[in-house]
Amino acid sequence: RRVLMNQVLILFAHPRFEQSKTNRALLAGVGSMAGVTLHDLYELYPDFNIHVAREKALLMEHSIILFHHPFYMYSAPALLKQWMDVVLEYGWARGSKGNALKGKTAGNVLTVGGTRQVYARGALHRFTIREFLVPFEQSADLCKMKYLPPFVVHGTHLLTGEQHRQYAARYFDMLSVLIAGDFDLDDLHRYEYFNDWLEARKGRTP
């Protein structure tokens, strides 16, 4: 039986990529994976002058869109917001006649300085990461896309080289699962993070 492969687009937005050990570890080798396109927005658009037609064409070529970015002030770096504002146009991506992205899948890949424990009710940041990501989830819904639980790397300032390698391996696992379509969305949504689902899946695999 022929396995249909998904094409994954990583929309990467990091204004200080060279200084991010965690993101460099996550993305090492990812761009050479079959079925993955790594699209570095800050490298392409340092002036924020986004080529909308080119971005739309790229979206049409991929079935899964990942917003990969550091978690800046409870959201994303400015260029990614700019990208969403100008590319996801009414009448194309959203609205009654905006069906270009209908049925595709979107998700977030985050690097976060704080630990998981401080993103909770009653903790320092008061809300969970999932709650902070509601604008992304709702934007995906507005564009008639399915939304994945996020892949999150917490405590980035404290990670060792070995932990970087472990997270990078897990990211590779996630991309491999997405490319192969080897996941059930309802099952995924039982978990807060995509990482959690991967851990559980590893435990279920003989």
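Below is a short write-up of the structure. A quick note: this is a predicted structure, and the numbers were derived from the prediction, not measured.

### As for the pairing of strand β4 (residues 105–111)
Reasoning step 1: Of all 7 residues that make up β4, 7 are buried, and the element is covered over most of its length.
Reasoning step 2: Residue alternation in β4 divides its side chains into two sets, Thr105, Gly107, Val109 and Thr111 and Ala106, Asn108 and Leu110, and both sets are buried.
Reasoning step 3: Inspection of the sheet shows strand β3 (residues 64–70) paired to β4 by 7 bridges, in the parallel sense. Bridge assignment links Pro70 to a residue of β4, and that residue is Thr111.
Reasoning step 4: Chirality of the crossover, the property in question, places the unit of β3, helix α4 (residues 78–87) and β4 among those that are right-handed.
Reasoning step 5: Sheet topology places β4 next to strand β5 (residues 146–147); 2 bridges connect them, and they run parallel. Among the inter-strand pairings, Ala106 is bridged to a residue of β5, identified as Tyr147.

### Here's the deal with empty space enclosed by the protein
It is the rolling of a water-molecule-sized probe over the atoms that shows where space remains empty.
Reasoning step 1: Inspection of every chain in the model, using the stated rule, returns 1 cavity of 30 Å³ or more.
Reasoning step 2: The volume enclosed by the largest cavity comes to roughly 70 Å³.
Reasoning step 3: Of all the elements in the fold, those that place two or more residues in the lining of the largest cavity are β3, α4 and α6 (134–142).
Reasoning step 4: The leading source of residues in the lining of the largest cavity is α6, at 3 residues.
Reasoning step 5: In the lining of the largest cavity, the residues fall into 12 nonpolar, 1 polar and no charged.

Calculation rules
Residues numbered from 1 in each chain as written. Predicted model: local features only at pLDDT ≥ 70, side-chain atom pairs only at ≥ 80, totals over all residues. Heavy atoms only, no water. Buried < 20%, exposed > 50% of the residue type's maximum accessible area, 1.4 Å probe, protein only. Helix = DSSP H or I, 4+ residues; strand = E, 2+ residues; numbered from the N terminus. Pairing = 2+ DSSP bridges. Right-handed = clockwise from strand over helix to strand, strands pointing away. 1 Å grid on protein atoms, 1.4 Å probe; cavity = no way out; pocket = protein on both sides within 12 Å on 5 of 7 lines; lining within 4 Å. Points joined across faces, edges and corners; volume = space filled by probe spheres on them. Nonpolar A, V, L, I, M, F, W, Y, C, P; charged D, E, K, R; others polar.

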